[in-house]
Structure formats: C-alpha cells, structure tokens
Amino acid sequence: MRKKEFEKIHRELQEEKVEILNRLMKDRANYYENLKNEGGDLADEAMESIEREIIYDLSIAEKKELEEINTAIKKLEEGTYGVCEMCDKDIPIERLKVKPYAKFCTHCREIDERKKKNHVMSEENE
Ligand SMILES: [Zn+2]
C-alpha cells in the first residue's frame, strides 16, 4: 500500500519539477522581452548586471523548491524515502501526502521546531 502511494508521490514530484522548470524558463523569456522593450538606453554592461540580479532573485524560492523535490526524488529512487531523518521511523503517509518533502515524522518535527524556536529566543537574549 505504502509502495503504491510512493509511486504516486514520485510521479507527482516529477511533474512538479517539470512545471517549475517550465515556469523558470518562461520567466526568463518574459524578462528578456521586457528588457529589450524598455532598456533601450541602458549600456549593455548595465543591462547584463541588472539581468543577472533579477534572474538570481527570481529563482531563489524556486531553486529551493527544486532542491527539495530533487532530494525527495533521490530518496524515492534509493528507497530511503518516507523515513524520519531523526528517529528512523516511517513518516505517516498522510503527512507525506500533504508535505511530500517532509524530512521528519510529526513527533520529531515538533522537537525540531521547538529547538529552532529556543535557538532564536536565546539569540535574542544575548
Ligand atoms: Zn522522527
């Protein structure tokens, strides 16, 4: 049963990956178009640096998403998917369906979040 669900998640992640890549390409294509239309007076060099910055900003969130998808796909292919990185127990399938890149089971995620919160709090006190 779990294996079947994993196959579905695998397929969905691959589709999502293609979608993000397509969106990135389209963003870039649109961006080049706008630059051509509006940037007539800019020197080539200035255009290039602005271009690099915008493409960089544009893709940070998507890069992160892609990374998470790639990690999940790799795990699916290696057979290590769906196992909590902290306690090695199976992550409930219900959780994976909602959050396919989940690294921790519900229990460990709470511990992890509490740790992060404490960390932020202790930093603020210093
Ligand atoms: Zn766990």
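Residues numbered from 1 in each chain as written. Predicted model: local features only at pLDDT ≥ 70, side-chain atom pairs only at ≥ 80, totals over all residues. Heavy atoms only, no water.

**Brief notes about the overall build of the chain**
Here's step 1: The helix and strand inventory of the chain stands at four helices and zero strands.
Here's step 2: The buried share among the 126 residues of the chain stands at 28%.
Here's step 3: When contacts within the chain are restricted to residue pairs at least 6 apart in sequence, those whose partners lie at least 24 apart make up 56%.
Here's step 4: In the form shown here, the chain has an accessible surface area of approximately 9,700 Å², with 52% of it arising from carbon and sulfur atoms. (Helix = DSSP H or I, 4+ residues; strand = E, 2+ residues; numbered from the N terminus. Buried < 20%, exposed > 50% of the residue type's maximum accessible area, 1.4 Å probe, protein only. Contact = heavy atoms within 4.5 Å. Areas by Shrake-Rupley, 256 points an atom, 1.4 Å probe, with all protein chains shown as cover.)

**What to know about the pattern of salt bridges**
Here's step 1: By the definition in use, this model includes nine salt bridges.
Here's step 2: Ionic pairing is found between Lys64 and Glu68, a salt bridge with its closest N-O pair at 3.9 Å. Of this pair, Lys64 and Glu68 are both found in helix α2 (residues 44–78), four residues apart, which corresponds to roughly one turn of the helix.
Here's step 3: A salt bridge links Lys74 to Glu78; its shortest N-O distance comes to 3.7 Å. Of the two residues, Lys74 and Glu78 both sit in helix α2, four residues apart, roughly one turn of that helix. Exposure class is identical for Lys74 and Glu78. Each is exposed.
Here's step 4: The network of salt bridges with common partners includes Glu5, Glu94 and Lys97. (Salt bridge = Lys/Arg side-chain N within 4 Å of Asp/Glu carboxyl O.)

**Quick look at the side chain of Asp112**
Here's step 1: Turning to its location among the elements, Asp112 is positioned in helix α4 (residues 106–125).
Here's step 2: Given the relative accessible area of 15%, Asp112 is considered buried.
Here's step 3: Residues contacting Asp112, with those up to four places away along its chain left out, are Met86 and Phe104.

**Topic: the confidence of the model for the chain**
Here's step 1: For the chain, the average pLDDT comes to 83, and 81% of its residues sit at 70 or higher.
Here's step 2: When mean pLDDT is taken per element in the chain, helix α3 (residues 93–98) scores highest with 93 and α2 scores lowest with 78. (pLDDT = per-residue confidence, 0-100.)

**Some remarks on the coordination of the zinc ion**
Here's step 1: For the zinc ion, the protein coordination sphere consists of Cys84 (SG), Cys87 (SG), Cys105 (SG) and Cys108 (SG), at 2.3 to 2.4 Å.
Here's step 2: Coordination at the zinc ion comes from four donor atoms whose angles at the metal span 105 to 117°, giving a geometry best classed as tetrahedral.
Here's step 3: Sequence spacing of the donor residues for the zinc ion, all on one chain, is C-x2-C-x17-C-x2-C. Residue Cys84 is located in the loop between α2 and α3, and its partner Cys105 is located in the loop between α3 and α4; the two are separated by 21 residues in the primary sequence. Like Cys105, Cys84 is buried. (Donors = N, O, S within 2.8 Å, 3.2 Å for Na, K, Ca; no water. Tetrahedral: all angles 85-135°; square planar, octahedral: opposite > 155°, others 65-115°.)

**Quick look at unusual backbone geometry**
Here's step 1: For Asp88, which is not glycine, the phi torsion reads 65° and is therefore positive.
Here's step 2: Mapping Asp88 onto the fold places it in the loop between α2 and α3.
Here's step 3: Using a relative accessible area of 62% as the deciding quantity, one classes Asp88 as exposed.

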